[in-house]
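# Structural description and commentary
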Amino acid sequence: MKGAVPDPFAFVGALVAPYEGLDEVERIRRGAFVLATAPRPPVGQTPHEIIHTHDKLVVRYYAPTGDYEGDGDALPVALIPSLINRAYVLDLEPGRSVVEALAAKGHPTYLVDWGVPGPEDAAEDVAYVLLDLLHRSIERICRHARSKQAHVFGYCQGGTLAAMYVALRPERVASLCLLAAPAKFSEGGRFRDLVLHLDVDEAIDGDGLVPVDVLKPAFRLLDPMGNWTKNKGVDAASKDHKRLASTLAREVWLDDTVPMTGAFAKEFVKMGYHEDRLTKGTWEVRGQPVLLSAIACRTLVVACDGDFISPKEAVLPMVDAIGANAKSVTLPTGHIGVVVSSAGPKLFYPLLDRWFRGIQPE
Amino acid sequence: MRAEDDVSKLTGDLYRQWEKSMETWWDGVLESPEFLKGMGKNLEAQGKARKSYEEGVDKTMGDLHLPSRKDVIRLAKVASMLEDKLLSVEDQVLAHGDALGRIEKDTLKARIDAAEALVAVHEKLGAIEARLDRVLSALESGDAKKKKV
């Protein structure tokens, strides 16, 4: 797949090819050109049905397509992504899809898609997200699957929210898997540095949204040179149709940031990144303290070696905070690569399937 | 080594050096409290500017007797609240449905139990009737013998 538009500077490649550094700049230019002009592939294609809607939230059901290899009946698996990114990161493209992989292994799979909030949702805070939106979604998932309990998987901020939810409402959750979910926010790396000096009361309008044009540059600043060097990868991928489609699908997702409600952003930044209340047990939701030690179900905490969005130093303290029933695994990949690169089907999807079949990680 | 190779090596070294120094520079910038504070202030200013712009537009719309963004948001909020209420009612209906389902199940079980008990009673009554018949016929045959004697 090449760019839809012919490259007017294609001739430059031949001129600079003999010169090492100039050749690299040319590859970056070509990559940027492909990125700017190539048509985007479709995302979120796994067949599903919508079983529940609540305001902008939609719960998608992916029926099992393969046989369940565990003992007894397969419990439903609820997938909870982050609120600031689109949910289709868990169903990016065929072969690179968490929902597709779980359904193929016989798990009735449900994706909680938070949707895109509008200004009318500005007052939705952490309590509303956990105790109204998520709680009702889990209830409806259990009802749809005719099951008393569900397995819960949370990714990134969705993992932190999943842990908080289970700490507050443990009844419906059989087991938990948290991927790249920050718990100790004071170890939150560059993202924490960026928000640490922010006066949230002044910068975030509690009656409005944190717009995409604020969030996107903040994410780009996490790895400024990565925005430059990634074009080399795009150029290399442009020689292979399938590889380019995967690269572009990832770009579609990276570019598709969702605004955050003011009330939620204020609380999350203040309680999490400023005051680091989660591991201290001092974060209260509707007057109830969120005690991670109250999580009594089997819990797997997955960190990634190359994660600069949720560094493993911020993720792994979740294990100590939960206690003896929590285990941890660190994978040799990055924050996004763990679900959408080849590390997904090779490492992470089998790990997730085994965990939800009751098998302990090695 | 040809001169072209030398130039190629030189440009390669220059590029790598530039990339490395840019990385170091960015790291320095993003770790500098002055930059981070400045960014925070910039965000605050952006937020304030956006708010005052929206207030200005709202005022103008109000002056023109047109519905403002605030009015539309208020309406959307009402719709959201109605949806929340509707979902709560739906929760209750589903809970009642569950309770009715349980009652129906219990009723069905009770009816089956009752039917089985009825069959058992019928069987018992049949057995009693048969025994009574036997006793009656024994009594009758006894009476007949007495009359003959």
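Higher on the page you've got the structure.
Reference entry: report on the structure contained in this document. No experiment lies behind these values; they were computed from the predicted model shown.

Once that is clear, we can look at the overall build of chain B. Check the secondary structure of chain B and you find 3 helices and 0 strands. Here the C-alpha atoms of chain B give a radius of gyration of 47 Å, more than 25% beyond the 15 Å that 2.2 N^0.38 yields for 149 residues. Taken along the three principal axes of its C-alpha coordinates, chain B extends 150 × 75 × 30 Å. In chain B, buried positions account for 13% of the 149 residues.

Turning next to the packing of aromatic side chains. Note on aromatic pairs: each is described by the distance of the centres and the angle between the planes. Under the defined criterion, the tally for this structure stands at 11 aromatic pairs over all chains. Pairing Phe-153 of chain A with Phe-348 of chain A gives two aromatic rings, centres 5.7 Å apart and planes at 45°, and the pair type is tilted. Within this pair, whereas Phe-153 of chain A is found in strand 7 (residues 150-155), its partner Phe-348 of chain A is found in helix 15 (residues 343-356), the two being separated by 195 residues in sequence. Classification of Phe-153 of chain A as buried rests on a relative accessible area of 0%. For Phe-348 of chain A, a relative accessible area of 0% translates into the label buried. Ring geometry for Trp-25 of chain B and Trp-26 of chain B: centres 5.1 Å apart, planes at 70°, overall edge-to-face. Every member of this aromatic cluster is reached through a ring pair, and the members are Phe-185, Phe-191, Phe-219, Phe-264, Phe-268, Tyr-273 and Trp-283 of chain A.

When its volume is computed, the second largest pocket comes out at roughly 430 Å³. Taken together, 14 residues line the second largest pocket, and the ones lying closest to its centre are Glu-139, Arg-143 and Arg-172 of chain A together with Leu-94 and Asp-98 of chain B. When residues in the lining of the second largest pocket are grouped by element, the largest group, 7 residues, is from helix 4 (residues 126-145) of chain A. When the residues that make up the lining of the second largest pocket are grouped by side-chain class, the tally is 2 nonpolar, 3 polar and 9 charged.

The next thing to look at is the packing of helix 2 (residues 20-37) of chain A against helix 1 (residues 3-31) of chain B. Helix packing geometry: the angle between the two helix axes and the distance between the axes. Contact geometry of helix 2 of chain A with helix 1 of chain B gives a least axis separation of 5 Å together with a crossing angle of 55°. Accordingly, the angle class assigned to the pair helix 2 of chain A and helix 1 of chain B is oblique. Packed against helix 2 of chain A, whose contacting residues are Glu-20, Gly-21, Leu-22, Glu-24, Val-25 and Ile-28 of chain A, the element helix 1 of chain B presents Ser-8, Lys-9, Thr-11, Gly-12, Tyr-15 and Arg-16 of chain B at the interface. For the contact of helix 2 of chain A with helix 1 of chain B, the residue count by class is 4 nonpolar, 4 polar and 4 charged.

Turning our attention to the pairing of strand 7 of chain A. All names here are of chain A. Here strand 7 lies mainly inside the structure; 6 of its 6 residues are buried. Relative to strand 7, strand 3 (residues 77-80) is paired through 4 bridges, and the arrangement is parallel. Opposite Val-77, over in strand 7, you have His-151 as the bridge partner. Direction of pairing for strand 7 relative to strand 8 (residues 173-179): parallel, over a ladder of 6 bridges. Bridge pairing in strand 8 links Gly-154 to Leu-178. Running through helix 5 (residues 157-168), the crossover from strand 7 to the neighbouring parallel element strand 8 is right-handed.

The parts lose accessible area when they come together, and the size of an interface is often stated as this lost area. Between chain A and chain B, the contact holds 37 residues from the first and 42 residues from the second. The largest share of the area that chain A buries against chain B comes from Glu-120, His-197 and Met-225 of chain A, three residues that together contribute 17% of it. Counting every contact that joins chain A to chain B gives 9 salt bridges. Of all elements in the fold, only helix 2, strand 1 (49-54), helix 4, helix 6 (189-196), helix 7 (200-203), helix 8 (212-221) and helix 9 (226-237) of chain A reach the threshold of two or more residues within the side of chain A that touches chain B. In the side of chain A that touches chain B, the residues fall into 16 nonpolar, 6 polar and 15 charged.

Parameters and conventions
- The residue numbers shown here count from 1 along each chain, following its written sequence.
- Key to labels: chains lettered from A, ligands numbered from 1, both in the order written.
- It should be noted that, the model being predicted, local features are given only for residues of pLDDT at least 70 and side-chain atom pairs only at 80 or more, the latter also being counted only at that level, while totals for whole chains, interfaces and linings use all residues.
- The side-chain quantities take in all heavy atoms of the structure and omit both hydrogens and water.
- The helix count covers DSSP runs of H or I at least four residues long, the strand count covers runs of E at least two residues long, and both are numbered beginning at the N terminus.
- Here the globule rule is a power law, 2.2 Å times the number of residues to the power 0.38, and the radius of gyration is based on C-alpha atoms.
- Residue exposure (1.4 Å probe, protein chains only): buried if accessible area is under 20% of the type maximum, exposed if over 50%, otherwise partly exposed.
- What counts as a ring pair is set by centres within 6.5 Å for rings of Phe, Tyr and Trp (its six-membered ring), and what kind of pair is set by the plane angle: stacked under 30 degrees, edge-to-face over 60, tilted for all other angles.
- Using a 1 Å grid laid over the protein atoms alone, points where a 1.4 Å probe fits but cannot get out form a cavity; open sets with protein on both sides within 12 Å along at least 5 of 7 lines form a pocket; any residue with an atom within 4 Å of a point counts as lining.
- Grid points are joined across faces, edges and corners, and a volume is the space filled by probe spheres set on the points.
- For this classification, Asp, Glu, Lys and Arg are treated as charged, while Ala, Val, Leu, Ile, Met, Phe, Trp, Tyr, Cys and Pro are nonpolar and the rest, including Gly, are polar.
- Here, axes are lines fitted to C-alpha atoms. For helices the fit covers the stretch in contact, and angles between N-to-C directions go from 0 to 180 degrees.
- Each angle gets one of four labels, with under 35 degrees taken as roughly parallel, over 145 as roughly antiparallel, 65 to 115 as roughly perpendicular, and the rest as oblique.
- In this description, contact between two residues means that some pair of their heavy atoms is separated by no more than 4.5 Å.
- When DSSP finds at least two bridges between two strands, those strands are taken to pair.
- Throughout, right-handed denotes a crossover for which the path from the first strand over the helix to the second runs clockwise when the strands point away from the viewer.
- What gets called buried area is simply the loss in accessible area from a 1.4 Å probe that two parts show on being joined, summed for both.
- When a carboxyl oxygen of Asp or Glu lies within 4 Å of a side-chain nitrogen of Lys or Arg, that pair is called a salt bridge.

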